[in-house]
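One letter stands for each residue in the lines below.
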Amino acid sequence: MLPEFEYHRPASLEEAVRLLSELGPDARAIAGGTDLVVKMRAGLVSPRHVVDLSRLQEIRFIRDEGDRIRIGAATTLWEIENSEEVARGVPVLREAVELMASWHVKTTATIGGNLCNASPAADTAPPLMVHGATLVIVGPGGRREVPVENFFTGPGQTVLGVGEVLVEVVVPKLQPGQGAAFEKLTVREGALSIASAAALVEVSGGRVVDARVALGAVAPTPVRASRVEGALRGQPATREAVKSASREAKADVRPITDVRGSREYREEMSVTLVRRALEMALKMAGGVSA
Ligand SMILES: Cc1cc2nc3c(=O)[nH]c(=O)nc-3n(C[C@H](O)[C@H](O)[C@H](O)COP(=O)(O)OP(=O)(O)OC[C@H]3O[C@@H](n4cnc5c(N)ncnc54)[C@H](O)[C@@H]3O)c2cc1C
């Protein structure tokens, strides 16, 4: 049973922000509802007002702008998975979305909902982190931009204040000489990650000139693997260098034990997932053969 609430369907982003600001902490935004309704049914949250963002066409789009892709927060995962712009410019995001949920969940679930729900296992977060994506937020105080890796503050917690809405995700495109890949460990196809890893590398003259790695479900928020990155930058683009740098992943994560896996298992698998993602990314960038 769902707890009782008042349903609001604003016709514009401006009206949504005004409603959420006026109704205050008793109100929650809803997009696809695939996280919020589950939590409401379980009695984990019981907002008195629900403000529906799903009909706001102004935050539902995918735009190719040369060196970056802009994705509206209310864009569904299904639209992202089937977007040629995303497949060309941010293939690692498409890869992650393809491995999420089932197609019918993805036709309503949104990228904004995945980020704002702030699960440590949110699968869109690691790919966006390695791409250096920026989140655009609109609220009663105006518009602001936050790097995706500064957005999460804890499990289920973000920097969003009362009345603020995530409106778009701005993602720099993959450049020539770069490669990126995503790896996910799960109990079955379409289920939540036990652990996940995204990697983006840049290779020049046989060396790794840049390496960015992010992990999901192994810390209170999605995290960058700065030790792995530091160990790989400047190294020859070889499988041996990747193997050695990946071992640092254990020091980058702070997993917990839960129903999906133990702390020790997640630590071990972080190393494996990072190695696999880096090998695939290097192969794509023209480095080692994987
Ligand atoms: C069967 C099933 C399988 C799933 N598998 C996966 C999986 O493999 N990987 C994964 O990461 N997730 C998975 N999920 C979780 C979920 O589907 C995703 O997180 C989804 O992207 C959430 O989007 P939504 O639009 O439904 O969010 P909603 O439920 O509508 O909202 C989630 C939260 O975000 C807030 N919110 C939504 N949009 C905005 C916005 N624009 N601005 C401010 N706040 C906002 C809401 O207030 C709420 O707190 C699964 C869920 C189900 C039911």
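Quick note: structure is the one above.
A few points on the structure. (Residues numbered from 1 in each chain as written. Predicted model: local features only at pLDDT ≥ 70, side-chain atom pairs only at ≥ 80, totals over all residues. Heavy atoms only, no water.)

## Let's talk about unusual backbone geometry
- Its identity as a non-glycine residue notwithstanding, Ala101 has a phi of 40°, on the positive side.
- As for its placement among the helices and strands, Ala101 is situated in the loop between helix H5 (91-98) and helix H6 (103-106).
- The exposure class of Ala101 is partly exposed, given its relative accessible area of 33%.
- A positive phi is found at Ala118, a non-glycine position, where the angle reads about 55°.
- One can find Ala118 in the loop between helix H7 (111-116) and helix H8 (125-130).
- With relative accessibility at 1%, the residue Ala118 sits in the buried group. (Helix = DSSP H or I, 4+ residues; strand = E, 2+ residues; numbered from the N terminus. Buried < 20%, exposed > 50% of the residue type's maximum accessible area, 1.4 Å probe, protein only.)

## Considerations on the layout of surface pockets
- Here the second largest pocket defines a volume of roughly 160 Å³.
- Around the second largest pocket, the lining comprises 13 residues; the ones closest to its centre are Pro120, Ala217, Ala219, Ile256 and Asp258.
- Grouping the constituent residues of the lining of the second largest pocket by class yields nine nonpolar, no polar and four charged. (1 Å grid on protein atoms, 1.4 Å probe; cavity = no way out; pocket = protein on both sides within 12 Å on 5 of 7 lines; lining within 4 Å. Points joined across faces, edges and corners; volume = space filled by probe spheres on them. Nonpolar A, V, L, I, M, F, W, Y, C, P; charged D, E, K, R; others polar.)

## Things to note about the nonpolar core
- By size, the foremost hydrophobic cluster in this structure holds 36 residues, and its most contacted members are Ile71, Leu93, Ile111, Leu115, Leu128, Val148 and Val169.
- If we ignore the near neighbours within four places in the chain, the residues touching Val169 are Ile69, Arg70, Ile71, Ile111, Leu115, Leu128, Ala133, Thr134 and Leu135.
- Ile194, Ala199, Val218 and Ala237 belong to the second-largest nonpolar core, a separate cluster that totals 33 residues. (Core = buried A, V, L, I, M, F, W, Y, C linked by side-chain atoms within 4.5 Å. Contact = heavy atoms within 4.5 Å.)

## Topic: the packing of aromatic side chains
- Evaluation of the coordinates by the stated rule reveals two aromatic pairs.
- With a centroid separation of 6.4 Å and 50° between ring planes, the pair formed by Trp78 and Trp103 is classed as tilted. With Trp78 in helix H3 (residues 77-81) and Trp103 in helix H6, this pair connects stretches of sequence that are 25 residues apart.
- Accessibility expressed as a relative area gives 33% for Trp78, which makes it partly exposed.
- Taking 5.4 Å as the distance between ring centres and 80° as the angle between the ring planes, the aromatic pair formed by Phe151 and Phe152 counts as edge-to-face.
- On the accessibility criterion, Phe151 (0% relative accessible area) is buried.
- Take Phe152: its relative accessible area is 8%, and that puts it in the buried class.
- Sitting above the plane of the Phe61 ring, Arg63 keeps its charged end 3.9 Å from the centroid. (Phe/Tyr/Trp six-rings, centres within 6.5 Å; stacked < 30°, edge-to-face > 60°. Lys NZ or Arg CZ within 6 Å of the ring centre and 35° of its normal.)

## Topic: the site of the ligand
- Taken together, 32 residues lie near the ligand, and Ala29, Thr34, Asp35, Leu36 and Thr110 sit nearest.
- At a separation of 2.7 Å, an oxygen atom of the ligand approaches a polar backbone atom of Gly32.
- In this structure, an oxygen atom belonging to the ligand sits 2.7 Å away from a main-chain N or O atom of Leu36.
- Summarising the interface, the protein chains cover 87% of the accessible area of the ligand, which totals 980 Å² for the free molecule.
- Looking at the shell around the ligand, the elements with two or more residues in it are strand S2 (27-30), H7 and strand S10 (165-172).
- For the shell around the ligand, the leading source of residues is H7, giving four residues. (Near = heavy atom within 4 Å. Polar contact = N/O pair within 3.5 Å; in protein donor to acceptor, adjacent residues only side chain to side chain. Areas by Shrake-Rupley, 256 points an atom, 1.4 Å probe, with all protein chains shown as cover.)

## Here we look at the packing of helix H10 (residues 239-246) against helix H12 (residues 263-284)
- Contact geometry for H10 and H12: axes closest at 9 Å, N-to-C directions at 150°. By the angle between their axes, H10 is roughly antiparallel relative to H12. For H10 against H12, the interelement crossing comes out right-handed. Contacts between H10 and H12 pair Arg239, Val242, Lys243 and Ser246 from the former with Val271, Val274, Arg275, Leu278, Glu279 and Leu282 from the latter.
- Looking at the contact of H10 with H12, its residues break down into five nonpolar, one polar and four charged. (Axes fitted to C-alpha atoms, helices over the stretch in contact; angles between N-to-C directions. Parallel < 35°, antiparallel > 145°, perpendicular 65-115°, else oblique. Left-handed = near helix turned anticlockwise from the far one by under 90°.)

## Here we look at the environment of Asp67
- Structurally, the position occupied by Asp67 is in the loop between strand S4 (62-64) and strand S5 (68-72).
- Between the alpha carbons of Asp67 and Glu229 there is a distance of 24 Å; along the sequence they are 162 residues apart.

## Regarding the sheet that holds strand S14 (residues 223-224)
- Strand order in the open sheet formed by four strands is S11-S12-S13-S14, with antiparallel pairing between adjacent strands. Of all strands in the sheet, those bounded by a partner on one side alone are strand S11 (178-185) and S14.
- As paired elements, S11 and strand S12 (residues 195-204) share eight bridges and run antiparallel to each other. Opposite Ala181, over in S12, you have Ala199 as the bridge partner.
- Most of the contacts of H12 go to S11, to which it runs at about 150°, and overall it touches S11, S12 and strand S13 (207-216). (Pairing = 2+ DSSP bridges.)

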